[in-house]
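# Notes for the structure review
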Amino acid sequence: MSRAQIRAVSSNAEYSFTKPNRESITLLAGLGVEGDVHAGVTVKHRSRVAVDPTQPNLRQVHLIHRELFDEVAAAGFNVGPGQLGENVTTEGIDLHELPTGALLRLGEEAVVEVTGLRNPCPQINAFQDGLLKQVVGRDEEGRVVRKAGIMGVVRRGGTIRPGDAITVTLPEIPHVPLERV
């Protein structure tokens, strides 16, 4: 297994499904990615704002593992960093095996607390028809399996770049499995 690292960073000041790759992004404690449309103390995702705009923003930073791109490529899809709307593309870490509350140190300073799973929406099919079925499925027991990344909140800010290391600090046991946020 390769060392856990950041493969790409992305942000967008406008609502758009994809996010352009950047040389670096700055994470702001309690807010998210500086200049990103989803940054803020309260929820910024349109569907969640429609329900209750005062909800805390548990989706300040979206992370996806680069290995997902290989998996969907085997099914005929071509996806690259930032194209599924993530801010941070990782490599060498199984994000979906992390528990709620895990702390990810990104680079020298930034710390993101994992809040849950991304719940992918049908916009993924508008990006590439049929892709939603590749990132959401069911396991042998019929439980929904979401593979489109995880969400987190910024606990300590800092600037992050491709190539920066990722280190994980697990919360105390018992670990709480990730649920959609």
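Structure shown above.
Read on for a plain summary of the structure. (Residues numbered from 1 in each chain as written. Predicted model: local features only at pLDDT ≥ 70, side-chain atom pairs only at ≥ 80, totals over all residues. Heavy atoms only, no water.)

### Some thoughts on the packing of aromatic side chains
One pass over the structure, following the stated rule, counts 1 aromatic pair. Note on Phe-17 and Phe-127: the rings are 5.6 Å apart at their centroids and 35° apart in plane angle, and the pair reads as tilted. Note that Phe-17 is positioned in the loop between strand S1 (5-10) and strand S2 (21-22) and Phe-127 in helix H3 (residues 123-127), a separation of 110 residues in sequence. Exposure remark for Phe-127: the relative accessible area of 26% places this residue in the partly exposed category. (Phe/Tyr/Trp six-rings, centres within 6.5 Å; stacked < 30°, edge-to-face > 60°. Helix = DSSP H or I, 4+ residues; strand = E, 2+ residues; numbered from the N terminus. Buried < 20%, exposed > 50% of the residue type's maximum accessible area, 1.4 Å probe, protein only.)

### With respect to the side chain of Lys-19
Structurally, Lys-19 is set in the loop between S1 and S2. Take Lys-19: its relative accessible area is 6%, and that puts it in the buried class. At 3.2 Å, the side chain of Lys-19 forms a polar contact with the side chain of His-38. When neighbours within four sequence positions are excluded, Lys-19 is seen to be in contact with Ser-10, Ser-11, Asn-12, Asp-36, His-38, Gly-82, Gly-85, Glu-86 and Asn-87. (Polar contact = N/O pair within 3.5 Å; in protein donor to acceptor, adjacent residues only side chain to side chain. Contact = heavy atoms within 4.5 Å.)

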